[in-house]
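Results of the structural survey
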Amino acid sequence: MKKFTSFKKILVLTMFVGVLGNHAFAQFSLSGEIRPRMEYLHGYSTLTDKDSDPAGFASQRTRINFNYSNERIRMGVSLQDVFIWGSQPQLFSTSNTLSLHQAWGQYYLTPSLSLKLGRQELSYDDERIFGASNWDQQGRSHDLALLSYNGMLRIDIGAAFNQDQKHLNGAYYSLNNYKMMQFVWLNTDIVDNLNLSLLFLNNAYQHNYQIVENGQNHDKHKDVYNQTLGGRIVYTPGDFNFHASAYYTMGKDMDDRELSAFYVGLGADYQISNDWILGLGWEHLSGTDQKEMMQNPKGYVNRSFNPFYGTSHKFNGFMDYFNTNGNWSNSVGLNDLFLSAQYSTGSFEVNLTGHAFLTAASVVKNGNINETMEPYLGTELDLTIAYKLSRTSNVVLGYSQMFGSETLQTLKGGDKSACNNWAYLMFTFKPVFLK
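Note that the structure is a prediction, hence the values are computed from the model and not measured. (Residues numbered from 1 in each chain as written. Predicted model: local features only at pLDDT ≥ 70, side-chain atom pairs only at ≥ 80, totals over all residues. Heavy atoms only, no water.)

1. Some points on the overall build of the protein
Rule in force here: Counting from the N terminus, the helices are DSSP H or I runs at least four residues long and the strands are E runs at least two residues long. What the globule rule says is 2.2 Å times the number of residues to the power 0.38, and the radius of gyration is computed from C-alpha atoms. What makes two residues a contact is simply this: any of their non-hydrogen atoms within 4.5 Å. Methods summary: accessible areas were calculated by the Shrake-Rupley approach with a probe of 1.4 Å, and residue burial reflects only the protein chains presented. Neither His nor the chain ends is counted toward charge; the positive residues are Lys and Arg and the negative residues Asp and Glu. Taken as the charge location is NZ of Lys, CZ of Arg, CG of Asp or CD of Glu.
Secondary structure summary: the protein contains 3 helices and 21 strands in total. In terms of overall dimensions, the protein is globule-like: its C-alpha atoms have a radius of gyration of 24 Å, near the 22 Å expected for 435 residues. Considering only contacts within the protein whose residues lie at least 6 apart along the sequence, 58% involve residues at least 24 apart. In the structure as shown, the protein presents an accessible area of about 23000 Å², 56% of it carried by carbon and sulfur atoms. Across the protein, 34 positive and 39 negative side-chain charges occur, with their mean positions spaced 8 Å apart.

Structural data, given as structure tokens:
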């Protein structure tokens, strides 16, 4: 994201508030967010060693949000600063950490049809494929054009083309991001209590490689593509909520390797009373067999499912051991069986979730292709306690414990017998200054 000088920060804020405040005060809102989070880590995201010291830090997200709307036009700007407490000297001359999390304009061609252009969050369904990643202090946003129709059938069509700088020739892209992306998302209520979403996603990545000509290496690049098809259905009869999702990805991965992967998710929630909700579910993310990788290291098919732009922390345990957008990408996949219980009353809420993790593909034992390990990876318990301090602020306390297996230790290192735990305390303040 682009950095701003201190002068530009002040200029942008002054112009935006001044112009919109003078001409459209009733349709203008100014809000903010300050979210400090203190974390204790001893085995977060990967198994620790018994002799390793725990880590701790405090991070903070600060946002200023401007929104404007009239009959035809909507605008949104979100300025953001994310930092670690103590990461800069107390006496510093300049600070260029402010960035644009969102900056978009939307024009309504009709009351039901609009075009939205600029940097924006994308959040669909349960955020498995597209999500705002709100847990991450920086969040996730996309630079794209979005055409939306909102009637009996909702249709969103998005398209993005990324470049890291201006080019006079060619379109070389140096960032580890998609180069092009297009998607179509459809959502409708089939009958009462039955909702269906369908998604088609096309990604293009730049693959860099070398060729040898006349005894010399020459850098080359090309675009590789993959497509994801799937959907989600939700049925809510009475006090029950049943949901199912399935996606299939084909084409090429970022390394120009054949890609064939799939995802299946099933779940149900039951509201026992006004205070209690019980939930259970299962997720399967296909993986690449280590035996296949060893037998055919250059020609194996990548069968590891990637949820691309989803909100990863929301799924597969809060300790993020199996973040398929990061430390678990191109892996042996995952089966996640989970059970949850939630109690809430007034301003107080408690949630306890247990996960049992297993691999979706085989893991080779000690490099012996003829011997495989048990698929069981471990069990994680996540406890979350939240309290609403006021209408615009709350506090959340979380604690998680991982009980790893020998297979998890083989895949991620560390020591399964160590105490692998993680805790955090997070405050959120979201005042509305003007509306």
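2. Description of the nonpolar core
The cut-off we apply is this: The term nonpolar core refers to a set of buried residues drawn from Ala, Val, Leu, Ile, Met, Phe, Trp, Tyr and Cys, joined through side-chain atoms within 4.5 Å. Classification of residues uses two cut-offs on accessible area relative to the type maximum, computed with a 1.4 Å probe and protein chains only: under 20% is buried, over 50% is exposed, and between them is partly exposed.
One finds F130, M181, F183 and F322 to be the most contacted residues of the largest nonpolar core, which totals 43 residues. Broken down by secondary-structure element, the contributors of at least two residues to this core are β6 (142-150), β8 (180-191), β9 (194-213), β12 (258-271), β18 (376-390), β19 (393-404) and β20 (420-429). Not counting the four nearest positions on each side in its chain, M181 is found in contact with L122, F130, H142, L144, G158, A159, A160, L201, N202, N203 and Y309. If you look at the next biggest cluster of nonpolar residues, it comprises 7 residues, including F28, L79, L98 and L100.

3. Considerations on a nonpolar patch on the surface
As a reminder, the rule being used: Two joining distances apply to patches: 9 Å for like charges and 5 Å for nonpolar side chains (Val, Leu, Ile, Met, Phe, Trp, Tyr), and every residue must have over 30% relative accessible area and no salt bridge. Any Lys or Arg side-chain nitrogen located within 4 Å of an Asp or Glu carboxyl oxygen qualifies as a salt bridge.
Judged by side-chain polarity, I73, Y107, L109, L115, L117, L147 and I157 come together as a nonpolar surface patch covering roughly 570 Å² of accessible area. Within the secondary structure layout, I157 lies in strand β7 (residues 153-161).

4. A look at the pattern of salt bridges
Taken as a whole and assessed by the stated rule, the structure comprises 12 salt bridges. When the shortest N-O distance is used, the salt bridge between D156 and R154 registers 3.4 Å. On the accessibility criterion, R154 (33% relative accessible area) is partly exposed. The residue K222 makes a salt bridge to D256 at a minimum N-O spacing of 2.8 Å.

5. Thoughts on the environment of F429
For F429, the location among the structural elements is in strand β20. Note: C-alpha distance between F429 and R391 (38 residues apart in sequence) is 9.5 Å. Residues contacting F429, with those up to four places away along its chain left out, are G32, E33, I34, P36, T392 and S393.

6. Some remarks on the pairing of β9
What counts here: For two strands to count as paired, DSSP must find a minimum of two bridges between them.
Sheet analysis places β8 next to β9, joined by 11 bridges and oriented antiparallel. Bridging across to β9, D189 finds its partner in N195. In sequence, β8 turns back onto β9 through a hairpin of 2 residues, with N193 there showing a positive phi of about 70 degrees. Bridge count for β9 against strand β10 (residues 216-235) is 20 bridges, and the pairing is antiparallel. Paired with L199 across the bridge in β10 is G230. The antiparallel hairpin formed by β9 and β10 contains 2 residues in its connecting segment, where N214 sits at a positive phi of about 55 degrees.

7. Some remarks on the packing of aromatic side chains
Definition in use: Geometry of aromatic contacts follows a simple scheme: Phe, Tyr and Trp rings, the Trp one being its six-membered ring, pair when their centres are within 6.5 Å, and the pair is stacked under 30 degrees between planes, edge-to-face over 60, tilted otherwise. Over a ring means this: the NZ of a Lys or the CZ of an Arg is within 6 Å of the ring centre and within 35 degrees of the ring normal.
Going through the model one piece at a time under the given rule, you end up with 21 aromatic pairs. Between F130 and Y309, the ring centres sit 5.6 Å apart and the planes meet at 35 degrees, which makes this aromatic pair tilted. With F130 in the loop between β5 (113-120) and β6 and Y309 in the loop between α2 (290-295) and β14 (334-345), the pair connects residues that are 179 residues apart, well separated along the chain. Taken as a pair, F130 and Y309 share a single burial class, namely buried. For the ring pair F322 and W328, a centre distance of 5.0 Å and an interplane angle of 85 degrees mean the geometry is edge-to-face. Comparing F322 with W328, the two get one shared label, buried. Among the aromatic residues, those joined into a cluster by ring pairs are Y124, F130, Y178, F183, W185, F308 and Y309. A cation over an aromatic ring shows up here: K222 above the ring of Y209, its NZ or CZ 6.0 Å from the ring centre. Over the ring of Y300 we find R257, and its NZ or CZ is 3.8 Å from the ring centre.

8. Describing the side chain of D126
Mapped onto the elements, D126 comes out in the loop between β5 and β6. By relative accessible area, which is 11% here, D126 ends up buried. Not counting chain neighbours up to four residues away, the residues in contact with D126 comprise R232, S245, K314 and F315.

9. Examining the pairing of β14
Two strands pair when backbone bridges link them, and strand β13 (residues 276-285) and β14 are joined in this way by 10 bridges, in the antiparallel orientation. Bridge pairing links I277 to Q342 in β14. Across 11 bridges, β14 lies against strand β15 (residues 348-358) in antiparallel orientation. Note that in β15 the partner of N335 across the bridge is L358.

10. Describing the side chain of D415
Here D415 is to be found in the loop between α3 (406-412) and β20. Among buried charged residues, D415 stands out as having no salt bridge; its nearest opposite-charge side chain is K50, 4.7 Å away. When neighbours within four sequence positions are excluded, D415 is seen to be in contact with L47, T48, D49, K50, Q409 and N420.

Honestly, that's just the spatial picture; any functional story needs more than this.
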